[in-house]
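The chain contents come next:
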Amino acid sequence: MEGLPILKGIGLVKHFGSLAVINGVDLHVAEGTIHAIIGPNGAGKTTLFNMLTGFLKVTEGNFFFKGEDITGLTSYKISQKGIARSFQITNIFPELTVAENVRVAAQAREKGCFNLLKSHRRLSGAIEKTDRILSSIGLLEKRERVAGNLSYGEKRVLEIGISLATRPRLLMLDEPMAGLQRGDLEWMMQLVKQISQDLTVVLIDHNIDLIISLSDVISVLNQGVMIAEGNPAEIQNNEKVQEAYLGGY
C-alpha cells in the first residue's frame, strides 16, 4: 500500500564535463513500496543511485528524505539519516565472519561511550541484533563462517544484512539479483518482499520479468530522462518504454 513520499527528487541533473548523464529527473518514492528504477544500459540508473546516496554530487536540483533536504550531504551523513544501499559489486569484509560483518555495522550506529558497563551492554545488544538479522535473512547457521568463503548468493544476502544493521528506513539495492543462480534468485526475491513489510525498498535490476513481478511502482529512465512511471501493468503497456527497450539489453 502506498504511503506518503519518503524520498523525492526534483529537477535532478548530473553533468560529467559537458555530458548530462541525468537531465532534469523528478522522482517520488512512496513510503512502504517496492519502487524499481529500470532502463536500457547507459540510461543513468546507477548514476542516479549514486546521487541519491551521496556518492556523487548533484549538479543541479534537490532531493529530500522524509521532507528534509539532504542534497549535498556526504554518503555517511545520508546513511545516518536512514538510507542504506548495496552495490553492484559485493561490499563485505571477506576476512571477518558472517556475524562480525553484521555486528560491526550494528555497532557503528551506537554512540561511543567509555563506560565499561554500558559498553558491555551495548555489545550484548549488538550481538542479539546481529543474530536476529542473520535469522531473518537465513544465514544464522553460518554466523561463524568466514564471509569470504560464502557462495556468491550468500555474499549478496549478507550485504543486505549489513545494510539492515544500520537501521535504515529506506533500502536502496543496486542490481541485487544480478548473477544469481535460480535457487539464490528465489531466495533474494523472497527476502526483498520480506524486507518491504517494514522498509521502503528502491531497486535497480536488469531482469524485467522479475521487476514486474516484484515491484509496486516502476520508474523508467532513458538517456538520463525519466520517460515513464507507473504500476507494472502501466509500464508494460507504455509505448515509450517499449521503444526504449527495442532491441533489449
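Our subject is the structure that appears above.
The rules we used
- Residues numbered from 1 in each chain as written.
- Predicted model: local features only at pLDDT ≥ 70, side-chain atom pairs only at ≥ 80, totals over all residues.
- Heavy atoms only, no water.
- Pairing = 2+ DSSP bridges.
- Helix = DSSP H or I, 4+ residues; strand = E, 2+ residues; numbered from the N terminus.
- Contact = heavy atoms within 4.5 Å.
- Buried < 20%, exposed > 50% of the residue type's maximum accessible area, 1.4 Å probe, protein only.
- Phe/Tyr/Trp six-rings, centres within 6.5 Å; stacked < 30°, edge-to-face > 60°.
- Lys NZ or Arg CZ within 6 Å of the ring centre and 35° of its normal.
- Axes fitted to C-alpha atoms, helices over the stretch in contact; angles between N-to-C directions.
- Arc of directions from axis to C-beta.
- Salt bridge = Lys/Arg side-chain N within 4 Å of Asp/Glu carboxyl O.
- 1 Å grid on protein atoms, 1.4 Å probe; cavity = no way out; pocket = protein on both sides within 12 Å on 5 of 7 lines; lining within 4 Å.
- Points joined across faces, edges and corners; volume = space filled by probe spheres on them.
- Nonpolar A, V, L, I, M, F, W, Y, C, P; charged D, E, K, R; others polar.

**Observations concerning the pairing of strand β10 (residues 225-230)**
Relative to β10, strand β9 (residues 217-222) is paired through five bridges, and the arrangement is antiparallel. Within β10, the residue paired with I218 across the bridge is G230. The antiparallel pairing of β9 with β10 creates a hairpin that spans two residues between the two strands, and Q223 there sits at a positive phi of about 55 degrees.

**Quick word on the environment of M226**
Note that M226 resides in strand β10. A sequence separation of 102 residues divides M226 from S124, and the C-alpha atoms of the two residues are 46 Å apart. Sequence-distant contacts of M226, defined by excluding residues within four places in its chain, comprise V25, D26, L27, S219, V220 and L221.

**Some remarks on the environment of G11**
Position of G11 relative to the elements: it lies in strand β1 (residues 5-16). Accessibility expressed as a relative area gives 24% for G11, which makes it partly exposed. Note: C-alpha distance between G11 and N23 (12 residues apart in sequence) is 7.7 Å. Look past the residues within four positions of G11 in its chain and what remains in contact with it is G24, V25, D26, E60 and G61.

**A look at the pairing of strand β2 (residues 19-30)**
Relative to β2, β1 is paired through nine bridges, and the arrangement is antiparallel. Note that in β2 the partner of K14 across the bridge is I22. Where β1 folds back onto β2 in an antiparallel hairpin, the turn is made up of two residues, including G17, whose phi is positive at roughly 65 degrees.

**A few points about the packing of aromatic side chains**
Inspection of the entire model under this criterion finds zero aromatic pairs. Seen from the ring of F64, K8 lies directly overhead, with NZ or CZ sitting 5.7 Å from the centre. When the ring centre of F16 is taken as reference, the NZ or CZ atom of K14 above it lies at 5.2 Å.

**Concerning the sheet that holds strand β5 (residues 68-69)**
Spatial strand order, β2-β1-β4-β5: four strands in an open sheet with antiparallel pairing. Every interior strand has two partners, whereas the edge strands, β2 and β5, have only one. The pairing of strand β4 (residues 60-65) with β5 spans two bridges and is classified as antiparallel. Bridging from a neighbouring strand, F65 pairs with E68 of β5. In the packing of helix α1 (residues 45-52) onto the sheet, the strands contacted are β1, β2 and β4, and the crossing angle to β1 comes to about 115 degrees.

**Observations concerning helix α3 (residues 98-108)**
Of all the residues in α3, the buried ones are V98, A99, N101, V102, A105 and A106. Viewed end-on, α3 has its buried residues packed into an arc of 165 degrees, placing them on one side of the element.

**Notes on the pattern of salt bridges**
On inspection of all chains with the given rule, the structure shows seven salt bridges. For the salt bridge of E154 with K142, the shortest nitrogen-to-oxygen distance reads 2.2 Å. Placement of the pair is E154 in helix α5 (residues 152-164) and K142 in the loop between α4 (116-137) and α5, with a sequence separation of 12 residues. A residue is classified by how much of its surface remains accessible, and K142, at 26% relative accessible area, is partly exposed. A salt bridge links R182 to E186, with the shortest nitrogen-to-oxygen separation between them at 3.7 Å. One end of the pair, R182, and the other, E186, are both in helix α6 (residues 182-195), four residues apart, so they sit about a helical turn from each other. The exposure class of E186 is partly exposed, given its relative accessible area of 44%. Several salt bridges converge on common partners, so that one network encompasses D131, R143 and E144.

**With respect to the layout of surface pockets**
A probe as big as a water molecule, rolled over the atoms, marks out the empty space that is left. Size it by volume and the largest pocket reaches roughly 580 Å³. As for the largest pocket, its lining consists of 23 residues, and the residues nearest its centre are S79, R85, N91, I162 and T166. Of all the secondary-structure elements, those providing two or more residues to the lining of the largest pocket are α2 (75-81), β6 (83-85), α3 and α5. Considered class by class, the residues forming the lining of the largest pocket number 12 nonpolar, eight polar and three charged.

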